[in-house]
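Structural overview
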Amino acid sequence: MMASESQNWVFMVTAQTPTNIAVIKYWGKRDETLILPINDSISVTLDPSHLCTTTTAAVSPAFHQDRMWLNGKEISLSGGRFQSCLREIRARACDVEDETKGIKITKEDWGKLHVHIASYNNFPTAAGLASSAAGFACLAYALGKLMNVKEDESQLSAIARQGSGSACRSLFGGFVKWIMGKEDNGSDSLAVQLTDEKHWDDLVIVIAVVSSRQKETSSTTGMRESVETSLLLQHRAKEIVPKRILQMEEAIKNRDFASFSQLTCADSNQFHAVCLDTCPPIFYMNDTSHRIISIVEKWNRSEEAPQVAYTFDAGPNAVLIARNRNAATSLIQRLLYYFPPNSDDLSRF
Ligand code: DP6
C-alpha cells in the first residue's frame with residue numbers, strides 16, 4: 001500500500017548518541033546560521049551507557065505537524081536550528097519500504113509527511129550536564145535513518161552541526177576532529193574520527209558536578225560576544241589552535257598522556273582566558289572550579305608524570321580525564337577528601 005492509502009501505520013526508528021567533551025575547544029563562529037567555526041576542534045566521545053541521548057523518530061500519515069518531546073515534555077520545533085536539520089535531512093530522503101508492515105514511502109512522500117520525535121537524556125538535566133551535542137547528533141542520525149538517507153556519518157555530522165556546533169563531533173566514538181572547513185556554504189565543515197574508542201581505552205573520565213544551576217551566558221551568546229570583542233580569541237584561532245591541533249593528534253596517536261594532559265589543560269585555560277578577555281567578561285568557572293584546578297596541578301607536579309587532565313566547558317563543572325583506573329580511583333579519593341559530601345548526598349554517587 002502507498003503511504004497515502006491508509007492512515008493506520010506508524011514507521012519509527014530509535015537511535016542513541018553519546019555526548020562529547022572537547023579537549024581542543026570550539027569557541028567562535030564565522031557564520032552564525034550555518035554554524036561554521038573559526039578553528040578546528042578535537043573531542044573525546046563519552047561512553048553512551050553513562051551520558052547519552054536516545055531519540056525515536058516516527059512518521060505516520062496520521063500526524064498533521066512536526067512535533068517533538070524532550071524528556072516527556074513537548075518543545076517547539078520552530079527554531080531555526082531544528083528547522084535546518086529537518087530541512088537538510090528531508091532534502092536527502094529516499095524511498096522506504098517495509099514489506100512486513102506493508103509500508104511504502106516514496107521520496108516524494110517525505111515532503112508531505114510529518115514526523116514526531118521523542119528524545120530522552122540518560123543523565124539528570126538538573127545536574128547541569130544537559131548538552132545540545134548529544135541531542136542534535138541523535139536527532140540528525142535518527143531522522144537520517146527514518147528517511148533512509150544514504151549519507152555517511154561525516155556527511156550527517158555537517159547536518160548535526162547546523163543544530164549545534166559541538167553536535168557534529170558526537171556522530172563518532174573515540175577521538176573526533178571537527179574540521180572547520182573553508183567553503184562559504186559549510187559543505188567541508190564536518191567531523192572525522194581520529195581514532196576509535198578502543199585505541200586509548202585506559203582513559204577514565206570523571207565529571208565533578210560543581211553546580212547544577214543553568215549557566216548565565218549560553219555558549220552561543222558567549223562565543224558571539226568573544227568574536228566581537230576579544231583580541232585574544234583572534235590570536236588563539238589563527239596562531240595557537242592550528243599548532244595545538246597537530247600536537248594533540250600526535251599525542252592521541254601515540255597515547256602520550258603527558259602531552260595530552262598538558263595540551264588539554266592549556267586549551268581549557270586559554271578558552272577561559274578568552275572568556276575573561278570578552279567585553280563584558282564572562283565567568284564560567286567559580287571558586288570550586290579553581291580549587292579543582294589547583295588540586296590537580298599540585299598532584300600532577302608531585303608525581304613523575306601527570307595523572308589527570310582537566311577541562312571546563314561553558315560552566316563550572318570539571319571534566320577530569322584520568323590516565324587509567326588507578327589514577328581515577330586516586331582522583332575520586334582526593335575529591336572526596338577536599339570536598340567531603342554531606343551524608344545525605346552519598347546516594348547520588
Ligand atoms: C565550550 O556547540 O554548545 O563546549 O554551536 O552555538 O550550539 P553552538 O555552541 P555549542 O558550544 C560548545 C562550546 C564548548 C566547547 C566545545 O564543545 O568545543
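The structure under discussion appears in the preceding block.
The following paragraphs examine the structure supplied in this document. The model shown is predicted, which means the values in this text are computed figures rather than measured ones.

Reading the values: rules and limits
- Residues numbered from 1 in each chain as written.
- Predicted model: local features only at pLDDT ≥ 70, side-chain atom pairs only at ≥ 80, totals over all residues.
- Heavy atoms only, no water.
- Helix = DSSP H or I, 4+ residues; strand = E, 2+ residues; numbered from the N terminus.
- Buried < 20%, exposed > 50% of the residue type's maximum accessible area, 1.4 Å probe, protein only.
- Polar contact = N/O pair within 3.5 Å; in protein donor to acceptor, adjacent residues only side chain to side chain.
- Contact = heavy atoms within 4.5 Å.
- Pairing = 2+ DSSP bridges.
- Axes fitted to C-alpha atoms, helices over the stretch in contact; angles between N-to-C directions.
- Phe/Tyr/Trp six-rings, centres within 6.5 Å; stacked < 30°, edge-to-face > 60°.

This paragraph deals with the side chain of N121. Here N121 lies in strand 11 (residues 114-121). Residue classification places N121 among the buried positions, given a relative accessible area of 17%. At a separation of 2.8 Å, a polar atom in the side chain of N121 contacts the side chain of T53. Sequence-distant contacts of N121, that is, excluding residues within four places in its chain, are made with C52, T53, L70 and N71.

Let us now look at the sheet that holds strand 6 (residues 52-60). Hydrogen bonds between backbone atoms are what pair the strands of a sheet, whose relative direction is either parallel or antiparallel. What the five strands build is an open sheet, ordered 1-6-11-7-8; its pairing is mixed. Of all strands in the sheet, those bounded by a partner on one side alone are strand 1 (11-18) and strand 8 (73-75). Averaged over all pairs of adjacent strands, the angle between their axes in this sheet comes to 20°, without regard to strand direction. As judged from the eight bridges shared by strand 1 and strand 6, these two strands associate in the antiparallel manner.

Our next topic: the packing of aromatic side chains. According to the stated counting rule, one finds 12 aromatic pairs in the structure shown. Measuring from ring centre to ring centre gives 5.9 Å for F257 and F260, while their planes differ by 40°; the resulting arrangement is tilted. With a gap of three residues between them, F257 and F260 both fall in helix 6 (residues 257-276), about one helical turn apart. Comparing F257 with F260, the two get one shared label, buried.

Right, let's get into the sheet that holds strand 16 (residues 318-322). Read from one edge to the other, the open sheet built from three strands follows the order 14-16-15, with strand pairing classed as antiparallel. Each edge of the open sheet carries a strand with a single partner, namely strand 14 (204-208) and strand 15 (308-311). When strand polarity is set aside, the average angle formed by the axes of neighbouring strands in this sheet is 25°. Here strand 14 pairs with strand 16 via five bridges, running antiparallel.

The next subject is the pairing of strand 12 (residues 175-179). The buried fraction of strand 12 amounts to four of the five residues, a majority that puts the element mostly inside the structure. Here four bridges tie strand 5 (residues 41-45) to strand 12, and the two strands are oriented antiparallel to one another. The partner of S43 across the bridge, within strand 12, is V176. Here strand 12 runs beside strand 13 (residues 190-195); their pairing, made up of five bridges, is antiparallel. The residue bridging K177 from the neighbouring strand is V192, located in strand 13.

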